[in-house]
Amino acid sequence: MKKTGLLILTLLLFIPTACTKNNGDGSSALRVDKSGNLLGTGDSANDILSNTNFNKLQVEIAYVTGFRPTIQAMADFNDFLREYTFKEDIEIIYTELASPNEESLTLEEIDDLEQENRTAYNTEDTLAIYIYFADAPADGDEEEEGLVTLGAVYRNTSMVIHGITIRRLAARSTIISDGDIEGATLNHEFGHLFGLVNLGTVPVNPDHEDTEAANHCNVEGCLMRAELQFGRVPTAKSRTLMAKSAYEAGIPSGCILSGQMVMGLLHSNTGKAAIVPRLDAECVLDLQSNGGR
Ligand SMILES: [Zn+2]
Ligand SMILES: [Zn+2]
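Residues numbered from 1 in each chain as written. Chains lettered and ligands numbered in written order. Predicted model: local features only at pLDDT ≥ 70, side-chain atom pairs only at ≥ 80, totals over all residues. Heavy atoms only, no water.

1. Regarding unusual backbone geometry
The peptide bond linking L196 to V197 adopts the cis configuration, its omega dihedral lying at -20°. For N101, which is not glycine, the phi dihedral falls at a positive 55°. The topology assignment puts N101 in the loop between β2 (89-97) and α4 (107-117). Here N101 falls in the exposed class, since its relative accessible area comes to 68%. (Helix = DSSP H or I, 4+ residues; strand = E, 2+ residues; numbered from the N terminus. Buried < 20%, exposed > 50% of the residue type's maximum accessible area, 1.4 Å probe, protein only.)

Below, the structure is given as structure tokens:
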């Protein structure tokens with residue numbers, strides 16, 4: 001009896017594979033194909049911006065209990081996607097996760113958590129993005145010195161936002177809210193998934209890439225104007241070395257966004273209310289040259 005059952009199961013498993021193969025598509029419908037979500041940061045810029053290969057965007061917001069992003073941040077993020085991409089079919093799915101009970105998280109640990117918890121992967125016409133809202137700060141934060149990491153991108157469709165760090169930072173300001181910082185961080189990091197600056201999207205005018213902070217913009221007030229923060233010594237050389245060692249560890253990040261920088265951006269031009277910075281004309285031009293709106 002058991003053998004017959006196994007044989008039937010085997011046949012059932014083979015039939016759909018054979019059908020799929022006839023259609024010229026080698027992937028099996030029974031196995032999740034993750035290969036399209038394991039590329040480098042910026043590698044899917046054109047696929048996010050245009051509808052050429054994927055006409056739907058599915059964003060999985062995986063948040064630790066208590067760290068679901070604010071309605072304000074998600075509204076800003078939604079506006080941002082619709083303003084700069086041609087995607088009109090955008091689905092946001094929320095996945096609530098238990099705390100990993102870590103005091104801090106390295107990118108390697110964040111990647112492991114993604115492998116365990118991510119449910120959204122690319123399908124034929126859907127490009128899937130995974131954003132993890134963590135309840136633990138980034139490894140290496142030095143809060144007393146104001147050196148904290150708010151978010152990072154580490155693959156073509158993967159991002160982490162340190163929700164706990166954002167709340168601690170917002171608690172120090174009477175003007176700037178959780179939602180302001182969350183929205184700015186989310187949009188800035190997503191700018192890197194769009195390939196900015198020179199991270200998968202070739203700049204139309206290369207001069208606007210910051211020579212000190214690679215993959216960032218040097219135009220005053222631009223959302224992509226930010227300091228990379230790799231460790232304590234923020235020289236161009238040490239950043240390159242740190243980026244190289246992170247790459248050798250297998251988890252390169254195009255950007256680790258510091259708290260100081262975001263607070264600086266939100267405070268600029270105003271003493272009364274936070275202004276979430278937008279992309280400047282140079283960055284918009286780059287996106288338009290790579291399939292963006
Ligand atoms: Zn950045
Ligand atoms: Zn810019």
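Having seen the model, we can carry on.
2. Side note on the coordination of the zinc ion (ligand 2)
The protein atoms that coordinate the zinc ion (ligand 2) are C217 (SG), C222 (SG), D280 (OD) and C283 (SG), at distances spanning 1.9 to 2.3 Å. Note that the zinc ion (ligand 2) binds four donor atoms; their angles at the metal cover 93 to 117°, and the shape is tetrahedral. Between the donor residues of the zinc ion (ligand 2), the gaps in sequence give the motif C-x4-C-x57-D-x2-C. Placement of C222 in the loop between α6 (178-193) and α7 (236-248) and of C283 in helix α9 (residues 281-289) is noted, with a sequence separation of 61 residues between them. Neither C222 nor C283 differs from the other in exposure class; each is buried. (Donors = N, O, S within 2.8 Å, 3.2 Å for Na, K, Ca; no water. Tetrahedral: all angles 85-135°; square planar, octahedral: opposite > 155°, others 65-115°.)

3. Details of the confidence of the model for the protein chain
The share of residues in the protein chain with pLDDT of 70 or more is 77%, and the mean pLDDT across the chain is 82. Under a pLDDT of 50 for its full length, residues 6-28 has, in the predicted model, five contacts with residues more than four places off or in other chains. Low confidence marks residues 228-249, where pLDDT is under 50. Its contacts with residues over four positions away, or in another chain, come to 28 contacts. (pLDDT = per-residue confidence, 0-100. Contact = heavy atoms within 4.5 Å.)

4. A closer look at the environment of R278
Structurally, R278 is set in the loop between α8 (259-267) and α9. Among the residues examined, R278 registers a relative accessible area of 47% and is labelled partly exposed. Placed 198 residues apart in sequence, R278 and F80 show a C-alpha to C-alpha distance of 8.8 Å. Other than its neighbours up to four places away in sequence, R278 contacts E83, Y84, G221, C222 and L223.

5. With respect to the pattern of salt bridges
Evaluation of the coordinates by the stated rule reveals seven salt bridges. Close ionic contact of R118 with E114 constitutes a salt bridge, the shortest N to O distance being 2.9 Å. (Salt bridge = Lys/Arg side-chain N within 4 Å of Asp/Glu carboxyl O.)

6. So, a negative patch on the surface
Together, E102, E103, E108, E109, D112, E116 and D139 make up a negatively charged patch on the protein surface. Inspection of the secondary structure assignment puts E103 in the loop between β2 and α4. Judged by relative accessible area, E103 falls into the exposed class, the value being 76%. (Patch = residues over 30% accessible without salt bridge, like charges linked within 9 Å, V, L, I, M, F, W, Y side chains within 5 Å. Areas by Shrake-Rupley, 256 points an atom, 1.4 Å probe, with all protein chains shown as cover. Lys, Arg positive; Asp, Glu negative; His and termini not counted. Charge placed at Lys NZ, Arg CZ, Asp CG, Glu CD.)

7. Observations concerning the packing of aromatic side chains
Enumeration according to the criterion identifies five aromatic pairs in this entry. Centroid distance Y63 to Y94: 6.5 Å. Interplanar angle 75°. Geometry classified as edge-to-face. Taken as a pair, Y63 in strand β1 (residues 56-64) and Y94 in strand β2 lie far apart in primary sequence, 31 residues in all. Residue classification places Y94 among the partly exposed positions, given a relative accessible area of 33%. Measuring from centroid to centroid gives 5.1 Å for F80 and Y84, while their planes differ by 70°, and the two rings are edge-to-face. Taken together, the positions of F80 and Y84, both in helix α3 (residues 71-84) and four residues apart, correspond to about one turn of that helix. Neither F80 nor Y84 differs from the other in exposure class; each is buried. One aromatic cluster is present, formed by F77, F80, Y84, F190 and F194 through successive ring pairs. Over the ring of Y94 we find R68; its NZ or CZ atom is 3.8 Å from the centre of that ring. One Lys or Arg, R118, reaches over the ring of Y121 and ends 4.9 Å from the middle of that ring. (Phe/Tyr/Trp six-rings, centres within 6.5 Å; stacked < 30°, edge-to-face > 60°. Lys NZ or Arg CZ within 6 Å of the ring centre and 35° of its normal.)

8. A closer look at the side chain of T85
Tracing the backbone through its elements, the reader meets T85 in the loop between α3 and β2. A relative accessible area of 0% means that T85 is categorised as buried. Side-chain polar atoms of T85 contact the backbone oxygen of L81, separated by 2.8 Å. Residues in contact with T85, not counting those within four places in the same chain, are I48, L49, F194 and R293. (Polar contact = N/O pair within 3.5 Å; in protein donor to acceptor, adjacent residues only side chain to side chain.)

9. Points about α4
Every buried residue of α4 is listed here: L107, I110, D111, L113 and E114. End-on view of α4: buried residues confined to an arc of 160°, all on one side of the axis. Packing partners of the buried residues in α4 comprise β3 (126-134), β4 (149-155) and β5 (158-162). (Arc of directions from axis to C-beta.)

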